[in-house]
Amino acid sequence: NSFVTRTNTCGELRSAHVGQKVTLYGWVQYQRQGLFLVLRDFQGLTQIVIPQDEAHSHVKELLCNAPVESVVRVTGTVSPRPLGQENPKMPTGDIEVKAEAAEILNSCKKLPFEIKDFIKKSEALRMQYRYLDLRSFQLQSNLRLRSRVVMRMREYLCNLHGFVDVETPTLFKRTPGGAKEFLVPSREAGKFYCLPQSPQQFKQLLMVGGLDRYFQVARCYRDEGSRPDRQPEFTQIDIEMSFVDQAGIQRLIEGLLQHSWPEERGSIVTPFPSITYEEALAEYGTDKPDTRFGMKIVDISDVLRGSNISFVQNALSYPHGSIRAICIPQGVRYLTNKDLESLKESAKSQFNQEIMEIIRRPDGSLKSLLTKFLGEKEQSELIQALNMQEDDVVLLAAGEHKQVCSALGALRLLSANLLESAGLALRDPTAFHFLWVVDFPLFLPKAENPTELESAHHPFTAPHPSDASLLYSDPTKVRSQHYDLVLNGNEVGGGSIRIHSAEQQRFVLEEVLKEDSEVLSHLIEALEFGAPPHGGIALGLDRLISLIVDAPSIRDVIAFPKSFRGRDLMGNAPDYVTPEELEPYHIQVSWPLEEKEAKKN
C-alpha cells in the first residue's frame, strides 16, 4: 500500500485487523438487499456492511445506488462476522468492514458482459472490451504469474549468471527465408524497413562485439495471421552465449526454468530427457511429442514381412517402406464405431494414408480383415510386439516411413482426446513433461519444389560436427546443431549453435539455399572480424505461460492480444490512413472496386 491513499487492499484483511479503521478502494462486485456490498480489487474481495442507521443514511443511499463495477472508496471499521456467517471460501471471510463513509469515484454504465469468470463471453466481445475482461480473476492471475516468472528469469540470468540485458532495434531489414515479415515504409522512395521475426542477427552481432552473454525479453513479429498458439506480435526470452556448446545451453535453460517455475505448480525435475528428431518421428510421429502418455508407434515390419498380404508386401518393397501401428488401450470400451471411422477418415484426408484396425477380443483372439492372412505364430508375435490387452484397438498403417509415422502420430493425439472425452484419464493435467529434441536435419526439401532445399531452422544454424564434411558433398544428409524444447507436446523453445565462419555461412546461403548473400553482407563481414563460437535459444514466453496456467489460448496470457485474424478489435487496428498521410512514403493504395464503393458509403 506504499505511495497510495488506501490503508489496505481488499484481499488482506483478517481477524488480526478487527477494531482497526481502514480505507479501501475498489470496484463494486455486487450488492445484496441493501445490507451488504462486496468490494473487489486486484488482490481479493471484502464484504462491506451498509449502515442502516439514520445518521449514515447518505452512506446507505450512495452504496445501495452504486452500479455494479463502479469505483468506490469506503472508510470503516473491521469487525468479526456474526457467528455462523463466516465464509471459509474467502480469504477475508472471517471479517467484514462496517462502512462509516463512502464516495463513488467513478460510476459504471451498463456493462456489455458480467465481470465473472464463469460467465461465457464471445472472444470477439472480450477483445473489444479487453479492459473489462482484464478485471476477471483468471486474467489478473495469469498476468501476475507471468510477471513473477519473467522477474525470476531476469534474476537468474543477470544476477546469478552475468547476462547483459540488451534492447535490439525494432526497425531492420528483410531476412531471407523464414516467416513473412511486416513491412514498414520509409520516406525514401521504394525503401522499406521490416519488423524482425526475432533479434537473431543482432544477438549474433553482440557476440562478435564481445558481450559474451546476452538476454532480452524480446518483442517479435510475424505476418502470418493468428492461431490458438500464434500471434502476429509475440514475446520471446531471447538468449545468446559465446564459447558454449549444445549441452551448455541445455543446462542453462533447465536451471532457468527450475529457478523461475511457480511454486504453486509443483517442482520440475532436471535434467530433461532428450530424444533425436528421427526417434521422435519414429515413436511419436511428430517433432514435438507429448510424453505424458504412452501409445507409442511400434514398427511391426518384421512381424508381417513373411505374410502374403499384398499391401504389406507392396509397402515393404519401397526403399523407405514400413508397417507401423499404435495400440489404443481399452479402445473397444471407450471408442464408438463412429469414432474409429472418423480416425480413419482423418488419416485419409490429411495424409492420404489408409488405416486398418485390429481388435483383441475378451477371449484373446484378434478381429480384423487381416487375421485370415495371418497364422497363429504371426498373430501371437503381433500381440506381443504391441503389448495388446483385451479390448485394445490397434490402428495399422503401411507405406512410406515418414508419411506412416506422421499419420499415426496425428491419430495418437486424436485417440487420446477421444479416450479422455469418453472418461478415460490418460494425461495428467497437472503434469509438466519437458523434452529436448535434438539432431534435426540441417536442410529440408521445399514443399513447393522438393528439388530445392530450405533451412529446417534458419540459415545461421551450424552443422553437426560429425556431418560437417557432408555439407559440401550431400547436404541433405547433414544433421544440425539445432535443439527444440518441448513441453506436453508443444514447442516452447528452439535454438542452435551458430555458424561462426564467414566462408561456411556464405556457402550455405549461396550454394545450398541459393539465396543472395548480399542481403546478409553485414553479418558475413562481421564473422570475418574474429567471431567467437556462439549459440543460443529463444523461449516462447506466451506459449510457456499459457501451458503453466492451462489456458486454452496464448491470448489468455497477453494483456492486449490480437484476434484470431490478427486484428485489434478494441482500437480497430489496422485502420485506413488518408492519401495525404501516405504521400511522404511515396505509397498509393490501389483499391479493389468493391472496397472503393464501401469507402464511399
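Numbers given for residues are sequential positions, taken from 1 along each chain in its written order. Selection of residues for local features in this predicted model requires a pLDDT of at least 70, selection of side-chain atom pairs for listing and counting requires 80 or more, and totals for whole chains, interfaces and linings are taken over all residues. Hydrogens and waters are ignored; side-chain quantities use all the structure's heavy atoms.

### Section: the pairing of strand S5 (residues 95–106)
Looking along a regular strand, one sees side chains alternate from face to face of the sheet.
Point 1. A pair of strands is treated as paired once DSSP finds two or more bridges between them. Starting at the N terminus, helices and strands are each numbered in turn, a helix being any DSSP run of H or I of at least four residues and a strand any DSSP run of E of at least two. Looking at chain direction, strand S3 (residues 44–49) and S5 are connected through two bridges and run parallel. Bridging across to S5, Val49 finds its partner in Lys98.
Point 2. Here strand S4 (residues 71–80) pairs with S5 via 10 bridges, running antiparallel. Among the inter-strand pairings, Arg73 is bridged to a residue of S5, identified as Glu103.

### With respect to the packing of aromatic side chains
Point 1. Two aromatic rings, drawn from Phe, Tyr or Trp (for Trp, its six-membered ring), form a pair once their centres lie within 6.5 Å of each other, and the interplanar angle then sorts them: stacked below 30 degrees, edge-to-face above 60, tilted otherwise. Within the structure shown, the criterion is met by nine aromatic pairs.
Point 2. Relative to Phe434, the ring of Trp261 has its centre 5.7 Å away and its plane inclined at 75 degrees; by these criteria the two rings are edge-to-face. Taken together, the residues Trp261 in the loop between helix H6 (246–260) and strand S11 (274–276) and Phe434 in strand S17 (residues 434–438) connect sequence positions 173 residues apart. Grouping residues by exposure puts Trp261 and Phe434 together as buried. Exposure categories follow from relative accessible area, calculated using a 1.4 Å probe and restricted to protein chains: below 20% of the type maximum is buried, above 50% is exposed, and the middle band is partly exposed.

### A word on helix H7 (residues 277–284)
Point 1. All of the buried residues along H7 are Tyr277, Ala280, Leu281, Ala282 and Tyr284.
Point 2. A positive backbone phi angle near 75 degrees is found at Gly285, which sits one or two residues after H7.

### Observations regarding the domain arrangement of the protein
Point 1. Here the bounds of each domain stem from an automatic or database domain assignment. Once the domains are mapped, the protein shows domain 1 (15–106), domain 2 (140–274 + 433–556) and domain 3 (293–422).
Point 2. With centres defined by C-alpha atoms, the gap from domain 1 to domain 2 works out at 51 Å.

### Observations regarding the sheet that holds strand S10 (residues 233–242)
Point 1. Judged by pairing direction, the sheet is mixed, and its eight strands sit side by side in the order S6-S9-S10-S22-S21-S20-S17-S11 without closing on themselves. The open sheet terminates on both sides in strands that have one partner only, identified here as strand S6 (164–165) and S11.
Point 2. Should any heavy atoms of two residues lie within 4.5 Å, those residues are considered in contact. Geometry is summarised by axes, namely lines fitted to C-alpha atoms with helices restricted to the contacting stretch, and by angles between N-to-C directions that run from 0 to 180 degrees. Here helix H4 (residues 137–161) sits on the sheet in contact with S6, strand S9 (213–221), S10 and strand S22 (534–540), set at roughly 150 degrees to S9.

### Brief notes about the nonpolar core
Point 1. In this structure, Ile239, Ile253, Leu257 and Leu485 are the most contacted members of the largest nonpolar core, which totals 41 residues.
Point 2. Sorting the residues of this core by element identifies H4, S10, H6, S17, strand S20 (482–487), strand S21 (490–497), S22 and helix H17 (541–548) as the ones contributing at least two each.
Point 3. When residues in this core are grouped by element, the largest group, six residues, is from H4.
Point 4. When residues no more than four places from it in sequence are discounted, the contact partners of Ile239 are Leu157, Phe163, Lys203, Tyr214, Phe215, Leu252, Ile253, Leu256, Arg498, Gly536 and Ile537.
Point 5. Judged by nonpolar contacts, the second largest core, of 23 residues, contains Ile328, Leu340, Leu395 and Ala397. The term nonpolar core refers to a set of buried residues drawn from Ala, Val, Leu, Ile, Met, Phe, Trp, Tyr and Cys, joined through side-chain atoms within 4.5 Å.

### Thoughts on the side chain of Asp391
Point 1. Examined against the element boundaries, Asp391 turns out to sit in the loop between helix H12 (376–386) and strand S16 (393–400).
Point 2. Accessibility expressed as a relative area gives 16% for Asp391, which makes it buried.

### Things to note about the side chain of Thr371
Point 1. Its place among the elements puts Thr371 in the loop between strand S15 (366–367) and H12.
Point 2. Not counting residues within four places of it along the chain, the set of residues in contact with Thr371 comprises Leu366 and Gln379.

### Some thoughts on the pattern of salt bridges
Point 1. Salt bridges, as used here, are contacts in which a Lys or Arg side-chain nitrogen is within 4 Å of a carboxyl oxygen on Asp or Glu. Here the structure, examined in full by the defined rule, presents 35 salt bridges.
Point 2. Glu420 is the salt-bridge partner of Arg427, the closest N and O atoms lying 2.7 Å from each other.
Point 3. By relative accessible area, which is 15% here, Arg427 ends up buried.
Point 4. Members of the salt-bridge network, linked through shared partners, are Arg126, Arg130, Asp133 and Asp556.

### What about the environment of Pro532?
Point 1. Inspection of the secondary structure puts Pro532 in the loop between helix H16 (521–527) and S22.
Point 2. Its relative accessible area of 10% is what places Pro532 among the buried residues.
Point 3. Excluding anything up to four places from it in sequence, Pro532 contacts Met207, Val208, Ser242, Phe243 and His500.

### Observations concerning the state of the cysteines
Point 1. Disulfides are defined as pairs of cysteine sulfur atoms found within 2.5 Å of each other. For the structure on display, the rule yields zero disulfides.
Point 2. Cysteine Cys10 remains unbridged, with the sulfur of Cys108 as its closest cysteine sulfur at 16 Å.
Point 3. Free of any disulfide, Cys194 has its nearest neighbouring cysteine sulfur in Cys220, separated by 14 Å.
Point 4. Using a relative accessible area of 3% as the deciding quantity, one classes Cys194 as buried.

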